[in-house]
Amino acid sequence: MGNYDQREYERRERTISEIESESDDQPEEYRGKITFDEDSSTDELLENLRKIKSDEP
C-alpha cells in the first residue's frame, strides 16, 4: 500500500461527483396532476394493499 495522498483522494471524489451529476440516469422532472380518491376508508385502502401484495410473485 502506498502513502495516503489527500490531493489524489480529493481529485477522485470530484471526478466521481461530476460523473454522478452528469448521468443520464437522473430522473426527469415530472409535470402533471395528481389526484386522490378520498372516498375510500382506511380499511378499504389496506385491503387493496393486501390484494396487491398477494398478487406479487
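Position numbers for residues count from 1 along each chain, tracking the sequence in the order it is written. pLDDT decides what is reported in this predicted model: residues at 70 or higher carry local features, side-chain atom pairs at 80 or more are listed and counted, and totals for whole chains, interfaces and linings draw on all residues regardless. Neither water nor hydrogens contribute to the side-chain values; these are computed over all heavy atoms in the structure.

Novice: Would you take a moment to explain the pattern of salt bridges for this structure?
Specialist: Between side chains of opposite charge, a pair can form as their charged atoms come close. A pairing counts as a salt bridge when a side-chain nitrogen of Lys or Arg comes within 4 Å of a carboxyl oxygen of Asp or Glu. According to the stated counting rule, one finds three salt bridges in the structure shown. A salt bridge links Glu8 to Arg11; the nearest nitrogen and oxygen atoms lie 2.6 Å apart. Here Arg11 and Glu8 lie together in helix 1 (residues 6–21), a separation of three residues that amounts to about one turn. Under the scheme applied here, a residue whose accessible area is under 20% of the maximum for its type counts as buried, over 50% as exposed, and between as partly exposed, the area being computed with a 1.4 Å probe on protein chains only. Glu8 gets classed as partly exposed once you look at its relative accessible area, which sits at 25%. Overall, the relative accessible area of 39% leaves Arg11 in the partly exposed class. The salt bridge involving Glu8 is made with Arg12; its shortest N-O contact spans 2.8 Å. Taken together, the positions of Glu8 and Arg12, both in helix 1 and four residues apart, correspond to about one turn of that helix. When salt bridges with common partners are traced through the structure, they connect Glu8, Arg11 and Arg12 into a single cluster. Helix numbers and strand numbers start at the N terminus; a helix is a DSSP run of H or I with at least 4 residues, a strand a run of E with at least 2.

Novice: So what exactly am I meant to see when it comes to helix 2 (residues 42–55) here?
Specialist: Two residues of an α-helix separated by three or four positions point the same way, owing to the 3.6 residues in each turn. To estimate how far a helix should extend, the number of its residues minus one is multiplied by 1.5 Å. If you check helix 2, its first and last C-alpha atoms are 20 Å apart, about what 14 residues at 1.5 Å a residue would give, namely 20 Å. Of all 14 residues in helix 2, zero are buried; the element is thus mostly exposed.

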